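Each chain, letter by letter, is given below.
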Amino acid sequence: PEALQQQLRHFIRDAVLELGSASAIMACQAGRLGLRTAFVGKMGDDAFGRLLAKTLQERGVDTRAIIVDPALRTGITVHLSRPDDRASLTYLGSIAAFRSEEVPIELVRQSRHLHASSIFFQPGLAEGLPSLFKAARDLGLSTSVDPGWDPGGRWREPLDELLPLLDLFFPNEQELYHVTRSSDLEEALRLAGRTVPTVVVKLGARGAAAWQRDVLYIEPP
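On a predicted model such as this, the values are computed, not experimentally measured, just so you know. (Residues numbered from 1 in each chain as written. Predicted model: local features only at pLDDT ≥ 70, side-chain atom pairs only at ≥ 80, totals over all residues. Heavy atoms only, no water.)

Let us now look at the overall build of the chain. Within the chain, the regular secondary structure consists of nine helices and ten strands. The C-alpha radius of gyration computed for the chain amounts to 19 Å, which stays within 12% of the reference 17 Å derived for 221 residues, consistent with globular compactness. For the chain, the spread of C-alpha atoms along the principal axes amounts to about 65 × 45 × 35 Å. When each of the 221 residues of the chain is scored for burial, the buried share is 37%. Long-range pairs, those at least 24 residues apart, make up 59% of the contacts in the chain between residues at least 6 apart in sequence. Surface accessibility of the chain: about 13700 Å² in total, with carbon and sulfur atoms responsible for 53%. Taken together, the 25 basic and 28 acidic charged side chains of the chain have centroids lying 3 Å from each other. (Helix = DSSP H or I, 4+ residues; strand = E, 2+ residues; numbered from the N terminus. Rg over C-alpha atoms; globule rule 2.2 N^0.38 Å. Buried < 20%, exposed > 50% of the residue type's maximum accessible area, 1.4 Å probe, protein only. Contact = heavy atoms within 4.5 Å. Areas by Shrake-Rupley, 256 points an atom, 1.4 Å probe, with all protein chains shown as cover. Lys, Arg positive; Asp, Glu negative; His and termini not counted. Charge placed at Lys NZ, Arg CZ, Asp CG, Glu CD.)

Here the focus is the environment of Glu106. Tracing the sequence through the fold places Glu106 in helix α5 (residues 105-109). There is a polar contact of 2.7 Å between the side chain of Glu106 and the side chain of Arg109. (Polar contact = N/O pair within 3.5 Å; in protein donor to acceptor, adjacent residues only side chain to side chain.)

Right, let's get into helix α2 (residues 22-32). Along an α-helix, residues three or four positions apart point the same way, because every turn accommodates 3.6 residues. Turning to α2, its buried residues number three or more, namely Ala24, Ala27, Cys28, Ala30 and Gly31. Looking straight down α2, one finds that the buried residues subtend no more than 165° of arc, so they occupy a single side. Residues of α2 that are buried make contact with α3 (47-58). A positive phi of about 95° marks Gly34, the residue just after α2. (Arc of directions from axis to C-beta.)

Before going further, it helps to examine the confidence of the model for the chain. Per-residue pLDDT for the chain has a mean of 92; in total, 95% of the residues score no lower than 70. Across the chain, strand β7 (residues 168-169) holds the top mean pLDDT of 98, while helix α1 (residues 2-8) sits lowest at 58. (pLDDT = per-residue confidence, 0-100.)

With that out of the way, let us pick up the pattern of salt bridges. In the structure shown here, the tally under the stated rule is twelve salt bridges. A salt bridge links Glu186 to Arg190, with the shortest nitrogen-to-oxygen separation between them at 3.3 Å. Of the two residues, Glu186 and Arg190 both sit in helix α9 (residues 185-193), four residues apart, roughly one turn of that helix. (Salt bridge = Lys/Arg side-chain N within 4 Å of Asp/Glu carboxyl O.)

As a further point, take the packing of helix α8 (residues 173-180) against α9. Between α8 and α9, the least distance of the axes is 9 Å, while the angle of their chain directions is 60°. Here α9 runs oblique to α8, going by the angle between their axes. Along this stretch, α8 crosses α9, giving a crossing that reads as left-handed. For the pair α8 and α9, contact is made by Leu176, Tyr177 and Thr180 and by Leu185, Ala188, Leu189, Leu191 and Ala192, respectively. Each residue belonging to the contact of α8 with α9 can be placed in one class, and the counts come to seven nonpolar, one polar and no charged. (Axes fitted to C-alpha atoms, helices over the stretch in contact; angles between N-to-C directions. Parallel < 35°, antiparallel > 145°, perpendicular 65-115°, else oblique. Left-handed = near helix turned anticlockwise from the far one by under 90°. Nonpolar A, V, L, I, M, F, W, Y, C, P; charged D, E, K, R; others polar.)

With that out of the way, let us pick up the environment of Ser111. The residue Ser111 is located in the loop between α5 and β5 (113-117) in this model. The partly exposed category is assigned to Ser111, whose relative accessible area is 28%. For Ser111 and Val179, which are 68 residues apart along the polypeptide, the C-alpha to C-alpha distance reads 29 Å. In terms of polar contacts, Ser111 uses its side chain to reach the backbone carbonyl oxygen of Leu107, at 2.7 Å.

Pasting the structure below:
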């Protein structure tokens, strides 16, 4: 029985193939809300890339600016989830190859808002994001960032330069604590709010909280 238990630990109860990428998910939800949305990124000419593009298109997202590079494989993350925790294994592939200068400035000019996600997984994008966001602001766009997790643990680069260029900042709770170096939710929101006009923090099963003009908002899921 003990040997059998050891073997069973290698099995899982369920497996689901879903659209990944925080930015792609954001684009899909914006499209489902009826907003005209375009997605810019890089993928390989493979099954995962085609799934990503197809899912975006089904949600009404304009995918014409997606770069397909046959020399790359599309990045993928495997989430190993339990009710109390989640472990993530990421193959960066095309994700890390995307660069800020590959964002078409004409598309930016046609837009009202520019959003970027998972910047720590995209060093080529992150390096040029401050210049891109400054150009967007000069063109009259509002801007936002969902930083994602920083596996390198630095957190401040490129956020120190990027945060003053944002209208909205969308970290989750743990990301907010790392960015502000505070473990108190209200204090962390207040600290981030000194630089960004609106800070929205994702709290998982507890819903979300926001800080805007020195007012704290808490909303259940």
